[in-house]
Amino acid sequence: MPLPPSAPESAAYRLPNGQVPALAVLRHPRLLSTEVLAGMVTTLALIPEVISFSLISGVGPDVALISSVTLAIAMSFLGGRPAMVSAAAGSVALVIAPMVAAHGTGYVLPTVLLTGVLQVLFGVFGLARLIRYIPRSVMIGFVNALGVLIFLAQVSHVIDVPWMVYPLFAVTILIVVLLPRLTTAVPAPLVAIVVVTAAAMIFGLNVPTVGDEGSVSGGLPGLTPWTVPFDLTTLQIILPTAVGAALVGLLESLLTAKLVDDLTDSRSSKSRESWGLGVANILAGFWGGVAGCAMIGQTVVNVQLGRARSRVSTVIAGLFLLLLVAVLSPVMAAIPMAALAAVMMIVALRTIDWHSVRPSTLKRMPLSETAVMLVTVAIVVATGNLAIGVGVGVLLALVLFARRIAHVTTVEREITQGGAVAHYRVLGPLFFASSNDLVDRFSYVDDPERIVIDLSGSHVWDASSVAVLDAVETKYAAHGATVELVGLNPHSRAFHGRLSGSLDGSA
């Protein structure tokens with residue numbers, strides 16, 4: 001993925017973690033204008049996706065839009081990653097949809113509230129730190145799959161549509177691609193959407209618009225009412241869905257935060273992102289009603305196309321969306337889908353890491369890492385669920401890694417002291433995959449009565465390895481030989497001493 005254009009003005013205001021503080025942006029007119037315009041174009045890119053995802057989850061578009069306002073503004077203050085956009089998301093909608101279909105929309109509020117509570121607990125207990133264990137190949141697969149999903153989601157807006165859609169689509173692409181060569185003072189996607197919308201309204205073009213995707217009538221809802229029994233039956237209904245939504249939303253947010261960290265060369269707090277998302281979802285449940293998480297495509301629009309770097313941009317995105325929903329809903333409904341589809345297709349193409357799929361790169365990369373990347377992409381595209389694809393990718397990477405390092409452990413044999421001692425030297429880590437065949441590396445019949453096994457070049461990692469070492473001693477004892485283990489490092493010695501002799505059920 002190409003890095004976004006840098007904002008030289010913001011570099012002077014960076015904190016030690018690389019982030020740009022909001023106060024510095026508010027004091028610098030040029031930085032402020034960049035953040036405001038980025039937030040506005042992000043809002044326009046957000047609307048059709050939120051509406052379409054609301055139809056998946058079974059709630060109305062107005063509910064999803066207001067929830068997105070709440071999430072965007074709340075996460076601007078609570079989140080650990082500035083400039084990352086959070087709203088009602090498709091990944092969470094996919095988790096909630098089956099429960100809504102089975103039990104009705106009344107259970108959405110308690111599910112969202114429990115989802116938020118679980119995410120707060122995940123953040124407090126440090127579950128967010130597990131993001132460090134996601135391999136690079138899975139991250140690249142995640143990013144590439146995201147680009148494919150964003151692109152495919154727009155295809156329906158340019159197929160089997162009135163012919164006037166195509167000139168508007170082409171004009172949008174030309175403006176987005178060519179305008180930055182003339183000026184970057186105003187985000188090109190914002191200019192393109194305004195120009196195309198104005199043209200469609202002035203000339204009365206009959207093309208699909210945002211209003212055709214779902215109701216975006218004006219007005220604000222009150223607090224979401226609780227309409228289901230407050231009992232264990234309700235908890236049994238919502239608990240599986242809430243756990244799934246909490247994990248999926250947190251995973252997608254943390255992966256997006258890591259992506260923005262790389263794009264902006266800065267660091268973010270993953271624990272804060274976790275509990276902040278939980279609090280934001282609780283607020284969204286009370287005022288709106290739908291849970292959400294980071295919106296990856298819109299975040300790329302904000303950071304890459306809009307060049308936003310601070311929390312100001314996401315506050316503006318939330319406030320502008322609120323303005324559109326509450327006051328300017330007729331204008332929002334008139335935006336041609338062709339313009340938004342063109343912008344998101346360009347975002348999709350810029351999101352894909354094209355370097356990772358070049359033939360020259362694939363030739364240099366280990367086959368196992370390429371396989372993990374491709375499987376992650378395939379699973380995500382096939383299921384439409386980023387969390388499932390990442391989960392499968394991580395599991396595959398772990399299996400291939402264990403398989404690869406299982407073969408680095410070697411055993412060297414030497415007969416010393418005139419044939420009285422068999423000296424074995426074990427080199428490499430001992431864990432379940434590498435130690436399973438260790439028992440077959442010794443010559444029980446041919447060896448003398450004294451055996452020395454040197455483990456100074458090894459490390460005992462798990463109970464499987466201790467059990468194998470016990471089995472080796474047992475086999476030698478059956479042939480009248482004694483075994484001495486030497487060279488154990490302190491951790492391995494303590495671990496082996498605690499478990500040895502107690503793993504066969506006799507202790």
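To keep things clear, this report deals only with the structure shown in the data block. Computed from a predicted model, the values in this text were never measured in an experiment. The written sequence of each chain sets the order in which its residues are numbered from 1. Confidence filtering applies because this is a predicted model: local features only for residues at pLDDT of at least 70, side-chain atom pairs given and counted only at 80 or more, and all residues used for totals across whole chains, interfaces and linings. Excluding hydrogens and water, the side-chain figures rest on all heavy atoms present in the structure.

## Quick notes on a nonpolar patch on the surface
Under the convention used in this document: Within this analysis, patches are made of residues with over 30% relative accessible area and no salt bridge. Like charges are joined at 9 Å or less; nonpolar side chains (Val, Leu, Ile, Met, Phe, Trp, Tyr) at 5 Å or less. Per-residue and other accessible areas were derived by the Shrake-Rupley procedure at a 1.4 Å probe size, with only the shown protein chains allowed to occlude residues. The term salt bridge refers to a pairing of a side-chain nitrogen on Lys or Arg with a carboxyl oxygen on Asp or Glu at a separation within 4 Å. Relative accessibility decides the category of a residue: with a 1.4 Å probe and only protein chains considered, values under 20% of the type maximum give buried, values over 50% give exposed, and everything between is partly exposed.
A cluster of nonpolar side chains, namely Leu127, Leu130, Tyr133, Leu232, Leu235, Leu239, Val243 and Leu247, defines an oily patch on the protein surface of about 720 Å² accessible area. Using a relative accessible area of 38% as the deciding quantity, one classes Leu239 as partly exposed.

## A closer look at helix H10 (residues 232-264)
Note the following rule: Numbering of helices and strands runs from the N terminus; a helix is a DSSP stretch of H or I covering at least four residues, while a strand is a stretch of E covering at least two. In this scheme, a helix's expected span is set at 1.5 Å multiplied by one less than its residue total. In this analysis the local bend is the angle between axes fitted, respectively, to the seven residues ending at and the seven residues starting at the residue. The definition of a polar contact used here is a pair of N or O atoms within 3.5 Å, where within protein one atom must be able to donate a hydrogen and the other to accept one, and adjacent residues in sequence count solely through side-chain atom pairs.
Under the 1.5 Å per step criterion, the end-to-end length of H10 is 46 Å for 33 residues, consistent within 8% with the ideal 48 Å. Along H10, the largest kink reaches about 40 degrees and is centred on Ile238; proline Pro240 follows within four residues of it. You can read the cap of H10 off the contacts: a side-chain oxygen lies 3.3 Å from the backbone nitrogen of Thr233, and it is on Asp231. Of the residues one or two after H10, Asp265 is the one with positive phi, at around 55 degrees.

## With respect to the environment of Ala153
Along the polypeptide, Ala153 turns up in helix H7 (residues 136-155). A relative accessible area of 42% means that Ala153 is categorised as partly exposed. Taking the C-alpha atoms as reference, Ala153 lies 8.9 Å from Met345; in sequence the two are 192 residues apart.

## Observations concerning the sheet that holds strand E6 (residues 482-486)
The condition that has to hold: For two strands to pair, DSSP has to find at least two bridges joining them. To obtain each axis, a line is fitted to C-alpha atoms, and for helices this fit is confined to the stretch in contact; angles are then taken between N-to-C directions over 0 to 180 degrees. Working rule for contacts: check all heavy atoms of both residues, and any pair within 4.5 Å makes them a contact.
The strand order across the open sheet built from four strands is E3-E4-E5-E6, with neighbouring strands paired in mixed fashion. Either end of the sheet is taken by a strand with one partner, and the two such strands are strand E3 (410-416) and E6. Looking at each pair of strands side by side, their axes are set apart by 20 degrees on average, direction ignored. Judged from the nine bridges that link them, strand E4 (residues 421-430) and strand E5 (residues 450-460) form a sheet pairing that is parallel. By the bridge assignment, Leu430 is partnered in E5 with Val460. Strands in contact with helix H20 (residues 463-478) are E4, E5 and E6; relative to E5, the strand with the most contacts, it is inclined by about 170 degrees. Its contacts with the sheet place helix H21 (residues 490-499) against E5 and E6, and it is angled at close to 115 degrees to E5.

## Observations concerning the packing of H7 against helix H17 (residues 367-383)
The description of two helices packed together rests on the angle between their axes and the distance between the axes. Basically, it comes down to this: Crossing chirality is assigned from the near helix's rotation relative to the far helix, an anticlockwise turn below a right angle marking it left-handed and a clockwise turn marking it right-handed. Each residue is assigned to one of three groups, with Ala, Val, Leu, Ile, Met, Phe, Trp, Tyr, Cys and Pro labelled nonpolar, Asp, Glu, Lys and Arg labelled charged, and all others, Gly among them, labelled polar.
Direction vectors running N to C along H7 and H17 enclose 35 degrees, while the axes themselves pass 8 Å from each other. Once H7 is placed against H17, the crossing between them reads as right-handed. When H7 is examined against H17, the residues Ser137, Val138, Ile140, Gly141, Phe142, Asn144, Ala145, Val148, Leu149 and Leu152 are found in contact with a partner set consisting of Glu369, Val372, Met373, Thr376, Val377, Val380 and Val381. The residue inventory of the contact of H7 with H17, partitioned by class, reads twelve nonpolar, four polar and one charged.

## What to know about the packing of helix H6 (residues 108-124) against helix H11 (residues 270-286)
Worth spelling out the cut-off: Orientation is classified from the angle alone, with under 35 degrees giving roughly parallel, over 145 giving roughly antiparallel, 65 to 115 giving roughly perpendicular, and any other angle giving oblique.
Remark: H6 packs on H11, axes separated minimally by 7 Å, with the N-to-C direction vectors making an angle of 165 degrees. As far as their axial angle goes, H11 and H6 are roughly antiparallel. Judged by the twist between their axes, the crossing of H6 over H11 is left-handed. Of the residues in H11, those in contact with Leu109, Val112, Leu113, Thr115, Gly116, Val117, Gln119, Val120, Phe122 and Gly123 of H6 are Ser271, Ser274, Trp275, Leu277, Gly278, Val279, Asn281, Ile282, Gly285 and Phe286. Partitioning the contact of H6 with H11 into residue classes produces eleven nonpolar, nine polar and no charged.

## Structural notes on the nonpolar core
The line we're drawing: As used in this record, nonpolar core signifies buried Ala, Val, Leu, Ile, Met, Phe, Trp, Tyr and Cys residues forming a set joined through side-chain atoms within 4.5 Å.
Among the nonpolar cores identified, the biggest contains 109 residues, and Leu44, Ile47, Val50, Ile134, Phe142 and Val210 are the most heavily contacted of them. Of the residues forming this core, the biggest block, twelve residues, is contributed by H10.

## Overview of the packing of aromatic side chains
Defined as follows: Put simply, two rings from Phe, Tyr or Trp (the six-membered ring, in Trp's case) pair if the centres are within 6.5 Å, and we call them stacked under 30 degrees between planes, edge-to-face over 60, tilted for the rest. Criterion for a charge above a ring: Arg CZ or Lys NZ at most 6 Å from the ring centre, at most 35 degrees from the ring normal.
Counting across every chain of the model gives six aromatic pairs. For the ring pair Phe442 and Tyr444, a centre distance of 6.3 Å and an interplane angle of 45 degrees mean the geometry is tilted. Each member of the pair, Phe442 as well as Tyr444, carries the same accessibility label: buried. Three or more aromatic residues link up through ring pairs in this structure, and these residues are Tyr424, Phe442, Tyr444 and Tyr476. For Lys475, the ring lying beneath its charged end belongs to Tyr444, and the centroid distance is 5.7 Å.

## Notes on the pairing of E5
Inclusion rule: The crossover handedness rule: strands pointing away from the viewer, path from first strand over the helix to second strand clockwise, crossover right-handed.
Most of E5 is tucked away, with eight of its eleven residues classed as buried. Inspection of the sheet shows E5 paired to E6 by five bridges, in the parallel sense. Directly across from Ile453, in E6, lies its bridge partner Leu485. At this point the chain moves from E5, through H20, to the parallel E6, and the crossover so formed is right-handed.

## Considerations on helix H15 (residues 337-351)
Taking 1.5 Å of rise per residue, 15 residues should cover 21 Å, and H15 covers 21 Å from first to last C-alpha, within 8% of that figure. With 13 of 15 residues buried, H15 is to be regarded as a mostly interior element.

## Digging into unusual backbone geometry
Backbone geometry places Ala83, a non-glycine residue, at a positive phi of 75 degrees. One can find Ala83 in the loop between helix H4 (61-78) and strand E1 (86-87). In this model, Gln417 sits at a positive phi of 55 degrees, which is unusual for a non-glycine residue. Of note, Gln417 is situated in the loop between E3 and E4. Its relative accessible area of 58% is what places Gln417 among the exposed residues.

## Remarks on the pairing of E3
In terms of strand pairing, E3 meets E4 through seven bridges, oriented antiparallel. Residue pairing for E4: Arg413 is matched across the bridge by Tyr424.

## Side note on the pattern of salt bridges
Between side chains of opposite charge, a pair can form as their charged atoms come close. This model, assessed by the stated rule, comprises six salt bridges. For the salt bridge of Asp447 with Arg413, the shortest nitrogen-to-oxygen distance reads 2.6 Å. Remark: Arg413 occurs in strand E3 and Asp447 occurs in the loop between helix H19 (432-435) and E5; sequence separation between them is 34 residues. A salt bridge links Asp454 to Arg425, with the nearest nitrogen and oxygen atoms 3.0 Å apart. Of the two residues, Asp454 sits in strand E5 while Arg425 sits in strand E4, which places them 29 residues apart along the sequence. A residue is classified by how much of its surface remains accessible, and Asp454, at 11% relative accessible area, is buried. Overall, Arg425 belongs to the partly exposed group, its relative accessible area being 30%.

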